[in-house]
Amino acid sequence: MAANCSTGSATEPPGLETQWREIDNLNQQQLRAGDSWYLLDKRWFDQWKEYVHTGDQNSSSYPGKIDNTELFEDLDSYHLKERLSENEDFILVPSEAWQKLLSWYDLMDDHPPLERKVVDLPSTVKVEVYPVEVYLCLSSNLESTVAGQFSRADKIHSIHQKIRQHFTVSETAESRLWMRSTDTSSERLRNLNMTVLDACLISGMTVIMEIRNVDGTWPTSRPQIMRNSADEDSYRGPPGVCGLTNLGNTCFMNSALQCLSNTPPLTEYFLMNLYLEELNFTNPLGMKGEIAEAYADVIKQMWSGRHYSVVPRVFKTKVGHFASQFLGYQQHDSQELLSFLLDGLHEDLNRVKKKEYIELKDADGRPDQEVAEEAWRNHLRRNDSVIVDTFHGLFKSTLVCPECNKVSVTFDPFCYLSVPLPVSKERVMEVFYVSLDPMAKPTQYRLIVPKAGRVIDLCTALSQATDVPASQMAVADVFNHRFYRIYQAEESLSCILDRDDIFVYQLNSGCMDQADEEVILAIYMRERSHYRDYGSGSNSYSTSLFGHPLLMSVPRAQCTREDLYQLLLKRLARYVHPLDPSELEEEEDEDEELYKAQTNGVSDDEGEEDSEEAGPAKKEEQTQESNQADGQNNGPLEASPSSEGEERAEEEESSSEPDRGSSTEEGQSACGSTDTNSQDATDGDQSAGAEPSGKEEEDEEEEEDGEGAATCAQANKRVPGRRHYTERRKKALFTIQAVNSNGTTERGMTEAGSSFSFSSQPYIAIDWDPDIKKKYYNENEAEKYIKHQSMDVPHLQTTVELQECIELFTTVETLEEENPWYCPTCKRHQLATKKLDLWSLPEVLIIHLKRFSYTKYSREKLDTIVEFPLRDLDFSGFLLKKTMNSTEPPCRYDLISVSNHYGGLRDGHYTSYAQNKDNGQWYYFDDSKVTFAREEQIVTSAAYLLFYQRQDKIRQPTVPPPVPENHITSQTHDAVDGASSCVSMETD
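First, a word on what this report is: a plain description of the structure on this page. (Residues numbered from 1 in each chain as written. Predicted model: local features only at pLDDT ≥ 70, side-chain atom pairs only at ≥ 80, totals over all residues. Heavy atoms only, no water.)

What follows covers the overall build of the chain. Helix and strand counts for the chain stand at 22 helices and 40 strands. Residues classed as buried in the chain amount to 51% of the 988 residues present. Long-range pairs, those at least 24 residues apart, make up 75% of the contacts in the chain between residues at least 6 apart in sequence. About 45800 Å² of surface is accessible on the chain, with carbon and sulfur atoms providing 47% of the total. (Helix = DSSP H or I, 4+ residues; strand = E, 2+ residues; numbered from the N terminus. Buried < 20%, exposed > 50% of the residue type's maximum accessible area, 1.4 Å probe, protein only. Contact = heavy atoms within 4.5 Å. Areas by Shrake-Rupley, 256 points an atom, 1.4 Å probe, with all protein chains shown as cover.)

Positive phi outside glycine occurs at Asp-106, with the angle close to 70°. By secondary structure assignment, the location of Asp-106 is in the loop between helix 3 (95–105) and strand 3 (115–120). One non-glycine residue with positive phi stands out, namely Asn-405, at about 60°. Tracing the backbone shows Asn-405 in the loop between strand 12 (393–400) and strand 13 (407–414).

Bringing the packing of helix 1 (residues 16–26) against helix 2 (residues 42–54) into the picture now. Two elements in contact, helix 1 and helix 2, have axes whose closest approach is 7 Å; the angle formed by their N-to-C orientations is 130°. Taken together, the axis directions place helix 1 and helix 2 in an arrangement best described as oblique. Our pair here, helix 1 against helix 2, has a crossing hand that is left-handed. Residues Leu-16, Gln-19, Trp-20 and Ile-23 of helix 1 lie in contact with helix 2, whose contacting residues are Trp-48, Lys-49, Tyr-51, Val-52 and His-53. (Axes fitted to C-alpha atoms, helices over the stretch in contact; angles between N-to-C directions. Parallel < 35°, antiparallel > 145°, perpendicular 65-115°, else oblique. Left-handed = near helix turned anticlockwise from the far one by under 90°.)

This paragraph deals with helix 4 (residues 156–166). All of the buried residues along helix 4 are Ile-156, Ile-159, His-160, Ile-163 and Arg-164. Each buried residue of helix 4 sits inside an arc of 140° when the element is viewed along its axis, so together they form one side. Looking at the packing, one finds that the buried side of helix 4 touches strand 5 (132–138), strand 6 (141–150), strand 7 (175–180), strand 8 (186–189) and strand 9 (206–211). Positive phi shows up at Thr-168, right after helix 4, with a value of about 50°. (Arc of directions from axis to C-beta.)

Mapped onto the elements, Phe-167 comes out in the loop between helix 4 and strand 7. A residue is classified by how much of its surface remains accessible, and Phe-167, at 17% relative accessible area, is buried. Expressed as a C-alpha distance, the spacing of Phe-167 and Val-146, which sit 21 residues apart in the sequence, is 9.7 Å. Residues in contact with Phe-167, not counting those within four places in the same chain, are Leu-136, Cys-137, Leu-138, Ser-144 and Val-146.

Moving on, we get to the sheet that holds strand 12. Ordered in space as 13-12-30-27, the four strands form an open sheet in which the pairing is antiparallel. Sheet topology places strand 13 and strand 27 (813–814) at the edges, where each strand pairs with a single neighbour. Examined bridge by bridge, strand 12 and strand 30 (residues 833–840) share seven bridges and lie antiparallel to one another. Directly across from Leu-399, in strand 30, lies its bridge partner Lys-834. Packed on one face of the sheet, helix 10 (residues 368–382) meets strand 12, strand 13 and strand 30 and runs near 40° to strand 13. (Pairing = 2+ DSSP bridges.)

We now examine helix 9 (residues 334–348). Side chains that are three or four residues apart share a direction in an α-helix, a result of its 3.6 residues per turn. Along its 15 residues, helix 9 runs 21 Å from first to last C-alpha, staying within 8% of the 21 Å computed at 1.5 Å per residue. With respect to burial, helix 9 is a largely interior element, twelve of its 15 residues being buried. For helix 9, the N-terminal cap is Asp-333; the gap from its side-chain oxygen to the backbone nitrogen of Gln-335 is 2.9 Å. (Expected span 1.5 Å × (residues − 1). Polar contact = N/O pair within 3.5 Å; in protein donor to acceptor, adjacent residues only side chain to side chain.)

Once that is clear, we can look at the pattern of salt bridges. Evaluated as defined, the whole model comprises 41 salt bridges. Across the salt bridge formed by Arg-574 and Glu-781, the nearest N and O atoms sit 3.2 Å from each other. Pair noted here: Arg-574 is in the loop between helix 13 (561–571) and helix 14 (581–598) and Glu-781 is in helix 21 (residues 779–783), with a separation of 207 residues, a long-range link. With a closest N to O distance of 2.8 Å, Lys-773 and Glu-779 form a salt bridge. A relative accessible area of 5% places Lys-773 in the buried class. Using a relative accessible area of 42% as the deciding quantity, one classes Glu-779 as partly exposed. Through salt bridges with shared partners, a single ionic network connects Glu-174, Arg-212, Asp-297 and Lys-300. (Salt bridge = Lys/Arg side-chain N within 4 Å of Asp/Glu carboxyl O.)

Below, the discussion takes up the packing of aromatic side chains. Inspection of every chain in the model, using the stated rule, returns 34 aromatic pairs. Taking the centre distance of 5.9 Å and the plane angle of 80° together, the rings of Phe-483 and Tyr-505 count as edge-to-face. Note that Phe-483 is positioned in strand 18 (residues 482–487) and Tyr-505 in strand 19 (residues 502–506), a separation of 22 residues in sequence. Assigned by exposure class, Phe-483 and Tyr-505 land together as buried. (Phe/Tyr/Trp six-rings, centres within 6.5 Å; stacked < 30°, edge-to-face > 60°.)

Our focus in this paragraph is the side chain of Glu-491. Tracing the chain through its elements places Glu-491 in the loop between strand 18 and strand 19. By relative accessible area, which is 18% here, Glu-491 ends up buried. A polar atom in the side chain of Glu-491 sits 2.7 Å from the backbone nitrogen of Gln-488. Those residues in contact with Glu-491, other than ones at most four positions away along the chain, are Arg-454, Val-455, Arg-485 and Ile-486.

So, about the sheet that holds strand 7. Ordered in space as 6-5-9-7-8, the five strands form an open sheet in which the pairing is mixed. Each end of this open sheet is capped by a strand with a single partner; those strands are strand 6 and strand 8. For this sheet the average axis-to-axis angle between neighbouring strands, irrespective of direction, equals 30°. Looking at chain direction, strand 7 and strand 8 are connected through four bridges and run antiparallel. The residue bridging Met-179 from the neighbouring strand is Glu-187, located in strand 8.

Below, the structure is given as structure tokens:
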């Protein structure tokens with residue numbers, strides 16, 4: 001690091017006395033942080049003093065050139081010796097004194113000047129004799145290092161420039177610095193204006209310069225990029241036409257990022273690296289520049305033209321770090337994320353380093369123009385950034401006290417407009433009506449009900465269409481073949497979502513509250529599997545729910561198994577065929593041969609006699625009573641077994657709650673069999689039907705003890721053979737089992753006798769044997785329904801103009817009780833009237849359509865279609881500032897992007913439309929998938945955030961729009977057929 005800093009020849013020095021006086025006076029200066037002082041060899045300085053004190057310029061004590069040889073370890077590196085002492089080995093002179101001595105006596109050839117900085121340490125101010133010596137290198141070649149010495153008062157920027165000069169790094173290349181103390185520990189040097197001392201940089205450390213790749217990534221922290229079969233770097237698509245990978249419910253973030261990415265002034269600000277000079281690392285309200293840097297990384301990758309899709313994982317981590325509400329992977333609101341991001345970028349890029357306190361003043365009768373200009377100046381004194389330049393406007397707020405009529409006028413800045421949507425007081429609901437008539441198919445109705453109404457209002461609306469009293473209706477939400485919820489008449493309709501499958505059942509009773517006389521039975525359909533599940537540890541059968549559940553009002557006196565069986569047979573008559581006597585007789589002959597074979601051909605006469613006497617009519621009669629019969633399952637017509645203690649074990653294959661769909665067209669299945677359970681098979685079967693067994697050696701004692709209470713007395717007196725045939729004649733189509741609300745059987749739910757006793761909402765299950773269900777249960781017929789003529793009336797969505805929403809925004813409103821205004825005249829809080837008016841608008845105007853409505857009584861999402869123009873949105877009629885002249889910008893805006901939300905309150909999906917600033921083409925961004933979009937597709941009921949740019953700031957496209965036929969997908973890299981109107985860019 002030697003440098004020839006001598007002047008070549010010394011100037012003519014003044015008199016010796018003058019030299020001493022000037023140097024001595026300069027040496028009396030106080031140390032000031034940042035000043036430069038120089039080291040002089042003590043022996044040379046002493047000789048100079050002796051020389052000037054002699055008064056003889058020809059004295060032999062002439063010191064000659066300034067010689068610091070004794071202060072260096074060697075004359076190759078010119079490193080300063082260790083442990084040198086001031087006033088023993090060297091003296092310190094200020095910069096002016098050094099320059100005079102240098103001009104009078106010159107410096108030894110090749111000797112560098114020993115300049116040292118004055119540093120302000122925590123406890124003292126002193127000259128830094130030994131500076132910080134660090135090693136400098138590039139991240140691409142960590143082995144090639146060069147040593148550099150820097151004062152603790154030097155800025156990191158000086159190290160940055162030193163590396164650029166030594167390694168000939170282009171000034172246009174974007175770079176960042178890391179300091180490394182060990183092989184595994186590195187830390188970013190974010191603030192180039194920070195001193196070496198404040199950065200805690202010490203001797204022996206290494207400072208590494210990292211240069212950004214052409215694809216926008218950094219070499220040392222290259223994120224996961226969605227790749228294809230071809231090399232990523234080979235892709236050169238339109239800049240900005242790049243998807244964002246969904247990290248798990250991050251579509252809200254992707255949608256907001258795409259809209260901001262296609263906001264030209266903000267994106268150009270980052271692409272041109274203008275943000276680097278404005279990063280604010282000391283703002284206590286900011287994020288130390290980290291949000292701005294993370295956002296810049298995403299933008300540079302998206303606009304490199306080298307990626308189909310970028311994974312914004314680092315950005316997501318930074319957002320979650322500074323805003324804990326965005327931690328994890330829950331769904332959020334894109335407007336909330338946008339609000340946080342704009343505020344974070346503003347504070348990270350705020351040009352105001354130290355905010356001053358400003359007392360806000362009321363108008364007090366002053367002209368609006370004066371008050372508005374004062375408010376904007378005050379705003380800029382504390383807030384000055386690219387976000388303010390691009391997105392901030394000013395509106396006028398007028399408050400009027402209802403008592404003293406005090407008028408308070410203030411002008412407040414805004415970053416986006418949250419405009420309300422007209423709210424209808426009615427809603428449209430679709431329900432399925434199930435009549436008492438067993439042969440009538442369910443009917444689908446479309447009803448208009450009060451939005452803030454109750455369930456009884458829904459029943460009343462349906463009553464007008466069916467002529468059935470509302471008091472004879474029960475309303476339930478059906479999901480996955482079970483009742484998700486049975487509503488009470490006084491419950492709010494806000495509990496029912498538009499996507500819910502609502503069934504309304506006609507009841508016999510006129511009131512659901514007559515619990516002493518009537519029981520409202522919830523009835524499920526279940527199908528038993530063919531085999532027992534011995535792996536569950538209990539002799540169990542699996543069951544699965546299927547079909548539509550039912551609600552029936554039954555007299556409490558008829559809650560016996562026999563009565564319920566008959567009632568259910570009638571209720572299911574439309575799609576359940578009765579037993580055929582001829583088929584039963586034929587199958588009994590087969591059973592007789594099977595029985596003889598199992599008993600080695602031996603059959604007692606009494607059994608044969610009973611077999612002959614049992615005619616078809618008698619068999620059918622006995623079959624109808626078979627809900628109390630018991631026997632062995634030796635034929636395909638054996639009743640579906642369902643033990644009282646059975647427990648469900650088979651895993652439920654149902655879809656999750658957010659996937660609930662609506663019912664299908666007539667003749668199509670509205671519910672599939674997806675819910676599976678298992679039941680414990682106990683020795684005693686109290687349900688209707690017989691205990692299944694393919695074995696002849698079934699224990700008689702097990703039959704008599706466990707099932708005697710449920711079988712006929714005559715059957716108990718017969719020998720096994722005769723009892724077998726009698727039970728065959730008493731066989732039932734299905735069995736009845738008490739269950740819980742989920743349709744699963746729990747221990748202790750069964751009854752000892754043939755009747756049920758219910759203490760709460762009763763649930764029972766109709767259990768079917770698979771073979772019997774296949775033969776006697778008509779699934780196609782069971783799923784059929786008809787549509788009422790009200791369904792043919794097209795459901796027209798409410799449509800409003802964007803201008804109507806803006807007018808609502810500027811409408812006078814009264815403050816709510818939770819947010820009163822303190823009147824300075826009345827000296828108390830008042831529910832004042834408030835009116836907002838637009839005063840000035842920004843270059844880019846963000847309009848937030850308030851689709852999510854939250855009140856004390858309801859929560860809903862408004863699917864109103866807002867008709868917003870793509871071009872020439874004129875705000876001149878809404879601005880109060882009428883004194884417009886030729887120098888002021890126009891009030892016409894063009895649309896540049898839209899954030900969409902599909903779905904409801906509980907769940908949904910965000911996408912976005914955006915116009916590319918370079919080619920003017922519209923694109924549809926759905927996470928990692930990007931497709932071409934037509935202008936007529938943009939206006940939908942899902943529009944949530946609208947981004948408009950003022951026309952005077954819009955630049956014409958710099959490149960022609962792409963041709964869809966020649967665009968390349970990320971999956972195939974093949975040319976797209978010319979007939980295709982949209983090109984998929986979704987990655988693997």
